[in-house]
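Chain residues, written in single-letter form:
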Amino acid sequence: LLCVRRDGSGYELLSAKVAERRVRLAKLSGMTVMEEEIPDEGPGATSVTILQKDVRGSRMPTAADQLVPAMMQHPGLRPRPAEGTLKALRMSHLLKLPTLDRPTMQQLRLASPSH
């Protein structure tokens, strides 16, 4: 379920299975995964932040990059900065909250006039 606000921001509601799979795949692919407890939300509430290099603006090296000396290349053809140079990060933030019991869910439904 994707929830979008009027200002364009929003969030996606995921099942626990899907969220756990994203975290597992992020760890396997070498992304930075930070997990921490959220004490204010009750036992079992966890915040997971996933950071990965954003490579959308980078380009793959071409044959000209490897064969023609850098001084002889047109400025538009010069290779981008070294591979280790980080330009941006992409961040995903996941929250796992404890499951509500049935009476609490009913109270929340009654409290919300638009439900």
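Keep in mind the model is a prediction, meaning the values are calculated, not measured.

Participant: Describe in detail helix H1 (residues 16–28), supporting the description with residues and values.
Facilitator: Under the 1.5 Å per step criterion, the end-to-end length of H1 is 18 Å for 13 residues, consistent within 8% with the ideal 18 Å. Looking only at H1, the buried set comprises Ala19, Val23 and Ala26. Along the long axis of H1, the arc covered by the buried residues comes to 65°, so they all point the same way. The exposed residues of H1 that point more than 90 degrees off its buried face are Lys17 and Leu28. On its buried face, H1 is in contact with strand E3 (32–37), strand E4 (46–53) and strand E5 (89–96).

Participant: Break down the confidence of the model for the protein for me, citing the residues and quoting the values.
Facilitator: A low pLDDT means the predicted coordinates there should not be read in detail. Summing up the model confidence of the protein, the mean pLDDT is 77 and the portion of residues at 70 or higher is 69%. Looking across the protein, the model is least confident in helix H2 (residues 63–67), with a mean pLDDT of 66, and most confident in E3, with 92.

Participant: Explain the sheet that holds E3 to me, using residue names and the numbers behind them.
Facilitator: Within a beta sheet, neighbouring strands are joined by backbone hydrogen bonds and run either parallel or antiparallel to one another. Ordered in space as E3-E4-E5, the three strands form an open sheet in which the pairing is antiparallel. Sheet topology places E3 and E5 at the edges, where each strand pairs with a single neighbour. Taking each pair of neighbouring strands and ignoring which way they run, the sheet shows an average axis angle of 15°. Alignment of E3 against E4, held across six bridges, turns out to be antiparallel.

Cut-offs used in this document
Residues numbered from 1 in each chain as written. Predicted model: local features only at pLDDT ≥ 70, side-chain atom pairs only at ≥ 80, totals over all residues. Heavy atoms only, no water. Helix = DSSP H or I, 4+ residues; strand = E, 2+ residues; numbered from the N terminus. Expected span 1.5 Å × (residues − 1). Buried < 20%, exposed > 50% of the residue type's maximum accessible area, 1.4 Å probe, protein only. Arc of directions from axis to C-beta. Contact = heavy atoms within 4.5 Å. pLDDT = per-residue confidence, 0-100. Pairing = 2+ DSSP bridges. Axes fitted to C-alpha atoms, helices over the stretch in contact; angles between N-to-C directions.

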